[in-house]
Amino acid sequence: MYLRILKMGRRLLMNSYNTRKAVDKEPMDLSQIISNFFKALKKLWIIMVVAIVVCGFIGHHNYSSGYSPNYETKATFSITAAQYDGREDRSYTNNTQLASILSVSFNYLINNEVFYEVIKKDLNIDYMPSTITISAVPDTNILSIVTAGPNPQMNYKVAQSVMKNYGSVAEFVIGDTKLDVLEEPVVAEEPTNPYSPWKQTIIYAFIGLLIGIVPSIIYGFFVRTIRNREDVEKYLNVNFLGILPGVSLNQRKNKLKNCSILNKAVGFRYLEAMRSVNSRCEREFAKHNAKVILVTSTVKGEGKSTVALNLAYSLSQSQHTVMLIDGNLRTPTLHKMVDMETYDFQMDSFLKGELKSSGAIVNLKGTRVLMLAPTVPSKDPIKQLNSEAMGNFINNAKAKVDYVIIDAPPCSELSDAAVLAKHSDGVIYVVKEDCAKVNKIIDTIQEFSYTRIPILGCILNGSAGKLNITYGYNYGKHYGYGYRKGYGSKYYGKYGYNYYSGYGTYGDYDDEENPVPGGYGKVSEKEFGAKELSVSNKIYVRTTDHQKEKMAKKEGEKFEKYAEKMENISQNTDYVKKSEGNKRD
């Protein structure tokens, strides 16, 4: 036995090592890259949004902080040369040529420190507040002076000063000239560059978009995750136990704590998937003679606790007794996932004998499942999990029930799962679709192989194409499997083993006028068994008196309705026969 487990562990270790090398070397095709990119974009969209908002804010802030309004004041005048006086270098008769020369010369003569000093002295200021530009209108003797700056009043004053003092400059260049003002300068009211930060904000936001999709691009090219059955068989080299679809629960309309198969709202598809998984698990349990099953995953959030709980329920509905143990002593959560009150205790107290079984173990309502789920975190989880008392309790439970299911913490970050493995006969590994990286899963399985406990198989959880709860409700109500009359009859037949046992009535019609949406199964004396299976002197797996009274009452009501229906049919038949007899007469 141990030699076979050792060989299996070595083989798994070598397979994991070889698979890790193959994963690193194997190129990704374009379709997988694109698919990974969009899935990553769906996961990391918040990064992209943050990058867009931050970069857009930076662009808006930069524009606002650097924005300075610019006003322009314009003056237009015509220039006329003085009469010819014999000095060819000082006089011009062609006014068009004169304007052209002045437009070039004035820019050099006015925009210099000498003329600036003239203007500053004229305006009694210490700095030049505006820029001055002079241009000529083509083929005319018209010149334009434009003063630009952030202060419209100062622009106006500078334009006035230029027109006032131009003669002192022009006289030395072209001699006497006559200036006729065509357009007086005025104080500008609107800036030439209106405040408009949106263009720069959009540009920066686009840059943020490019930055935000970089992680998705990297994810698409370099990150591999498990997405389907083929990936499980290809990369992990473990037995595939089935796929469980994702279920979307509407908390506003249905006060649901978890995705339990006892809940009608999970939908027919999930129920059938869980039954298929349970069937394969039972075959693997029998094949490896495994009674203590450890359920774990790579990282948090992969749904291992939900799988462990539903596996216990499914085994219960297959006529097995189950002990469900919450092995996550750091952050116990299993007690929150059942729709009933549990005991408030710490595992330390239970293992030390300070607490009796009757004050810790509960029989989950309507099932053959016993649950040990502490509510208070342990002070030293490793010490408790590795204790002799834990081993003795599991062995005792193993002798009393058919299966022991241990919900262990994720094994990539903590060693708790590896410690619990020594108490187990096999491991069920839960992998959420497109969650943990393939290399991380392989490394975890490789580390887990050192425990020499066989990995019985992998369950792919949270498959794409999530179910809405209304699907389960409508299906149970209108297309459920009933308990009446046979598979093809008016009420779609009976799916379970017999009237109350097995999977029970899937589409239960308690009342023909007011049908009740399909229940998952009912409790009966046969389901719990006539023989009491005790885990301790205080805990028994048996039907309570309340359950017996409820079943008897329901049985009586159904019998009365059936008798009433048969009586009505009989009366109708007699009426038809009597009518036919009257017609013959």
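Above this text sits the structure in question.
In every chain, residue numbers begin from 1 and rise along the written sequence. Two thresholds apply to this predicted model, a pLDDT of at least 70 for residue-level local features and 80 or more for giving and counting side-chain atom pairs, whereas whole-chain, interface and lining totals are computed over all residues. Heavy atoms from the whole structure form the basis of all side-chain values; hydrogens and water molecules are not counted.

Peer 1: Even after reading the chapter, I still don't get the pattern of salt bridges, so can you show me in this structure?
Peer 2: Oppositely charged side chains can form a pair if their charged atoms are brought close together. In the sections that follow, a salt bridge refers to a side-chain nitrogen of Lys or Arg positioned within 4 Å of a carboxyl oxygen of Asp or Glu. Applying the stated criterion across every chain, the model contains eight salt bridges. When the shortest N-O distance is used, the salt bridge between Glu 117 and Lys 120 registers 3.1 Å. Of this pair, Glu 117 and Lys 120 are both found in helix 5 (residues 113-123), three residues apart, which corresponds to roughly one turn of the helix. A salt bridge links Arg 229 to Glu 233, with the nearest nitrogen and oxygen atoms 2.9 Å apart. Taken as a pair, Arg 229 and Glu 233 lie in helix 9 (residues 229-236) at a separation of four residues, close to a single helical turn. Per the convention used, a helix needs a DSSP run of H or I reaching at least four residues, while a strand needs a run of E reaching at least two, with both numbered from the N terminus.

Peer 1: Teacher, can you tell me more about the side chain of Ser 297 here?
Peer 2: With respect to the secondary-structure elements, Ser 297 resides in strand 6 (residues 292-297). In this view, Ser 297 contacts Glu 302, Lys 304, Pro 410, Cys 411, Tyr 429 and Val 430; residues no more than four positions away in its chain are not counted. Whether two residues touch is decided by their heavy atoms; if any such pair falls within 4.5 Å, the residues are in contact.

Peer 1: What exactly am I supposed to notice about the packing of aromatic side chains here?
Peer 2: The description of two aromatic rings rests on the distance between their centres and on the angle between their planes. Think of it this way: a Phe, Tyr or Trp ring, Trp meaning its six-membered ring, pairs with another when their centres are within 6.5 Å, and the plane angle makes it stacked under 30 degrees, edge-to-face over 60, tilted otherwise. Under the counting rule described, the total for this entry stands at seven aromatic pairs. Their ring planes at 25° and their centres at 5.7 Å tell us that Tyr 63 and Tyr 67 sit as a pair that is stacked. Overall, the relative accessible area of 18% leaves Tyr 63 in the buried class. Buried, partly exposed and exposed residues are distinguished by accessible area as a fraction of the type maximum, computed with a 1.4 Å probe on protein chains only: under 20%, between the cut-offs, and over 50%, respectively. The partly exposed category is assigned to Tyr 67, whose relative accessible area is 23%. With a centroid separation of 5.2 Å and 50° between ring planes, the pair formed by Phe 285 and Tyr 403 is classed as tilted. Of this pair, Phe 285 sits in helix 10 (residues 268-288) while Tyr 403 sits in strand 10 (residues 403-407), placing them 118 residues apart in sequence. For the pair shown, Phe 285 and Tyr 403 are each scored as buried.

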